[in-house]
Structure formats: C-alpha cells, structure tokens
Amino acid sequence: MVRIQKQDFSVTEEIERVKRASKSIGGVVAFLGTARDISKGEEIVKLDFEHYPGMAEKKLQEIRERALTNFNIIEMGIVHRIGKIDSGDNIVLIVTAAQHRNDAFMACEWAIAELKRIAPIWKKETTRKGEVWVEEHP
Amino acid sequence: MVKVKFFAMLKIKAGREEANLAAPGSISLEKFKDILKKDFPGIAEFIDRKSVMISVNQEFATKDTMIKDGDEVALLPPFSGG
C-alpha cells in the first residue's frame, strides 16, 4: 500500500486498490500533489525528486501504520514519485478510506503534513535562473 | 568503518554521495559530527544547523545516539517531498 517509484501512477487504480480493502468503506479521500509550473515568480522548467532508498519507504510505511492506529480509518495508500517530473505531472497521492468521510479527511490531511515532515525526499527545481534544492515546507 | 551518505544539496556541497570514515569504538553523535566537520570542511557550516537532520541506520538520531563500526549515517538536509 506504500510505494516510491519513477513511473506515473493511475489515480483511479490507486483508489480502487484502497477500496478493495473492505466493504465497510463508506468514504474515500484522495490528496494528489502535482508539479506546478511556477515558484516564487519563476517559471519551472522541470522538477527532480531524490529520496533516501530504504529510509523513505520505511517512513511512508510508518505514516500508514500510525494513521491506521490513530485515526478511525480502514485503509491508507501512499505513492510518491522520484526522478524527473514535468509541470502538471503527478508527484504524490495519498488515499484514505473510512466508514465515514470525516475520519478519512482528517487522516489524509495529517498524512501529507507528516510526509513533508519526516520522509527523506528532496525536490530540485530547475528554472531559467538555474537549479535549486528546495528547503522549505509550504 | 562507518558509511556516511550525503543527499540533495549536501551531496553537491560535499562533492560525493558516500564516504567511509573510521570511528574509534562507539562514539557520540557530537563527536562524530566533529570528525565529519574536519573531513568535510565544505559542509561544516551545515552539520550544526538545526534544519539538517542526521540518521543512523535509517532512523533519526538524537543527541544520545551512539555511532559504532558498521553503522550507516546519513546527513539529511530539509525535506521537500510531497
């Protein structure tokens, strides 16, 4: 239910995968992070994501396990892409499923904030001015 | 030997992805940082930054973490995933 990969993913397939966990699911929430084409007024030519192999997967797994323990949800799936990503393309998807929508919304919001906080993944932005490793958490 | 891994901006500053350092016995994170700063003066100013985290064997280190032969240490600049 947790993956880091170079290739794109299908949002529909990922939602279906999470939905298959149980027939008690009554609400599914998905957060999809995509590559915007502008940063601080500069046009982004491309993005590159790097991760710490092993530790990044472990931290995403930890986020899923903590979400399943601390929120009233039934399943959570996380996919994050690495490598070169063009503007408009998918970066990250978090899908949460619960009996009721509110639990799914809360777990999803918590999970993306936690991913940004603890997952060793880095974004490099290339603009016409050059390359910069992003250091903030917007 | 202790394997040290550099990522993102620190990989560029250190000019390499990995290094192997000799660690005498079991040493504190602070002592290990001192060795790193001496061996990699180009990134010395980043090593003490609060925003740069250090992991040992793929878990976040604290000031009480001890580092010994065979460990894998990584210098982690601020994350920007998601």
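Along each chain, the written sequence defines residue order, and numbers are assigned to residues from 1. Here the convention is simple: chains get letters from A, ligands get numbers from 1, in the order in which they are written. Confidence filtering applies because this is a predicted model: local features only for residues at pLDDT of at least 70, side-chain atom pairs given and counted only at 80 or more, and all residues used for totals across whole chains, interfaces and linings. Side-chain numbers come from the whole structure's heavy atoms, not from hydrogens or water.

1. Remarks on the overall build of chain B
Using the following cut-off: Working definition: helices are DSSP H or I runs of at least four residues, strands are E runs of at least two. Numbering for both runs from the N terminus. Taken over C-alpha atoms, the radius of gyration is set against a globule rule of 2.2 Å times the number of residues to the power 0.38. Each residue is assigned to one of three classes by its accessible area relative to the maximum for its type, calculated with a 1.4 Å probe on protein chains only: buried under 20%, partly exposed between the two thresholds, exposed over 50%. Note on contacts: a residue pair is in contact if any heavy atoms of the two residues lie within 4.5 Å. To measure how exposed things are, a 1.4 Å probe is used in the Shrake-Rupley method; for residues, cover is taken only from the protein chains shown.
Summing up its helical and strand segments, chain B has three helices and seven strands in all. Each helix (α) and strand (β) of chain B, taken in turn from the N terminus, gives the series β-α-β-β-α-α-β-β-β-β. Taking 2.2 N^0.38 as the reference for a compact globule, 82 residues should give roughly 12 Å; the C-alpha atoms of chain B span a radius of gyration of 12 Å, in line with that estimate. Within chain B, the proportion of its 82 residues that are buried is 50%. For chain B, long-range pairs separated by at least 24 residues make up 51% of all intrachain contacts whose partners lie at least 6 apart in sequence. Per element, the accessible surface of chain B, about 4,100 Å² overall, is 51% carbon and sulfur.

2. Examining the sheet that holds strand β7 (residues 72-76) of chain B
All names here are of chain B. Short version of the rule: Strand pairing is defined by DSSP finding a minimum of two bridges between the two strands. Axis angles are defined between N-to-C directions and span 0 to 180 degrees, where every axis is a line fitted to C-alpha atoms and, for a helix, only to the segment in contact.
The mixed open sheet is built from five strands, whose spatial order is β2-β1-β7-β4-β5. At either margin of the open sheet sits one strand with a lone partner, and together these are β2 (18-21) and β5 (59-60). Across four bridges, strand β1 (residues 2-6) lies against β2 in antiparallel orientation. Residue pairing for β2: Val-2 is matched across the bridge by Leu-21. Taken strand by strand, helix α2 (residues 29-39) contacts β1, β2, β4 (53-56) and β7, and its axis lies near 115 degrees from that of β2.

3. Quick look at the sheet that holds strand β2 (residues 27-34) of chain A
Residues and elements named next belong to chain A. Taken together, the four strands give an open sheet; going across it, the order is β1-β5-β7-β2, and neighbouring strands pair in mixed fashion. In this open sheet, the two strands that pair with only one neighbour each are β1 (2-5) and β2. The average undirected angle you get between the axes of adjacent strands in this sheet is 5 degrees. Pairing between β2 and strand β7 (residues 90-98): eight bridges, direction antiparallel. In the sheet register, Gly-33 faces β7, and the bridge partner there is Val-92. The strands touched by helix α1 (residues 11-19) within the sheet are β1, β2, β5 (75-81) and β7, with β7 carrying the most contacts at an inclination of about 30 degrees. Most of the contacts of helix α2 (residues 55-70) go to β5, to which it runs at about 155 degrees, and overall it touches β1 and β5.

4. Overview of the nonpolar core
Note the cut-off: Take the buried residues of types Ala, Val, Leu, Ile, Met, Phe, Trp, Tyr and Cys, join any two whose side-chain atoms come within 4.5 Å, and each joined set is a nonpolar core.
Ranked by internal contacts, the top residues of the largest apolar core, which has 33 residues, are Trp-122 of chain A together with Phe-6, Phe-32, Leu-36, Ile-43, Leu-75 and Leu-76 of chain B. Where this core is concerned, the elements lending two or more residues are β1, α1 (8-14), β2, α2, α3 (44-47), β4 and β7 of chain B. Ignoring anything within four residues of it in the chain, the contact list for Leu-76 of chain B reads Tyr-52, Met-55 and Trp-122 of chain A together with Phe-7, Ser-51, Val-52, Met-53, Ser-55 and Phe-60 of chain B. Ranked by size, the runner-up nonpolar core spans 30 residues in total, among them Ile-73, Ile-85, Ile-94 and Ile-118 of chain A.

5. Regarding α2 of chain A
As a reminder, the rule being used: To estimate how far a helix should extend, the number of its residues minus one is multiplied by 1.5 Å.
Here α2 of chain A contains 16 residues, and its C-alpha end-to-end distance of 22 Å stays within 8% of the 22 Å for a straight helix at 1.5 Å per residue. Along α2 of chain A, the residues that are buried comprise Met-55, Ala-56, Lys-59, Leu-60, Ile-63, Arg-64 and Ala-67 of chain A.

6. Focus on the pattern of salt bridges
Formally: For salt bridges, the criterion is a side-chain nitrogen of Lys or Arg within 4 Å of an Asp or Glu carboxyl oxygen.
Overall, the coordinates contain 23 salt bridges over all chains when judged by the stated rule. The partner of Glu-59 of chain B in a salt bridge is Lys-59 of chain A, with the nearest N and O atoms 3.0 Å apart. With Glu-59 of chain B in strand β5 and Lys-59 of chain A in helix α2, this pair bridges two chains. On the accessibility criterion, Glu-59 of chain B (33% relative accessible area) is partly exposed. When the shortest N-O distance is used, the salt bridge between Asp-71 of chain B and Lys-68 of chain B registers 3.2 Å. Through salt bridges with shared partners, a single ionic network connects Lys-58, Lys-59 and Glu-62 of chain A together with Glu-59 of chain B.

7. A look at the side chain of Asp-103 of chain A
Residues and elements named next belong to chain A. As a reminder, the rule being used: Working convention for charge: Lys and Arg count positive, Asp and Glu count negative, and His plus the chain ends are omitted.
Mapped onto the elements of the fold, Asp-103 is located in helix α3 (residues 101-118). Although Asp-103 is buried, it forms no salt bridge, and the closest oppositely charged side chain is Arg-101 at an N-O distance of 9.8 Å. For Asp-103, the contacting residues outside a window of four places in its chain are Asn-72, Ile-73 and Ala-98.

8. Remarks on the packing of aromatic side chains
The relative placement of two aromatic rings is captured by the distance of their centres and the angle of their planes. Our working definition: Working definition: a ring pair exists when centres of Phe, Tyr or Trp rings (six-membered ring for Trp) sit within 6.5 Å. Plane angles under 30 degrees give stacked, over 60 give edge-to-face, the rest tilted.
Taken as a whole and assessed by the stated rule, the structure comprises six aromatic pairs over all chains. Where Trp-122 of chain A meets Phe-7 of chain B, the ring centres are 5.0 Å apart and the plane angle is 10 degrees; that geometry is what we call stacked. Placement of Trp-122 of chain A in strand β8 (residues 121-127) and of Phe-7 of chain B in the loop between β1 and α1 is noted, with the two residues assigned to different chains. For the residue pair Trp-122 of chain A and Phe-7 of chain B, the accessibility class agrees, reading buried in each case. Here a set of aromatic residues connected by ring pairs shows up, and it is made of Tyr-52 and Trp-122 of chain A together with Phe-7, Phe-60 and Phe-79 of chain B.

Nothing here speaks to function; it is all geometry.
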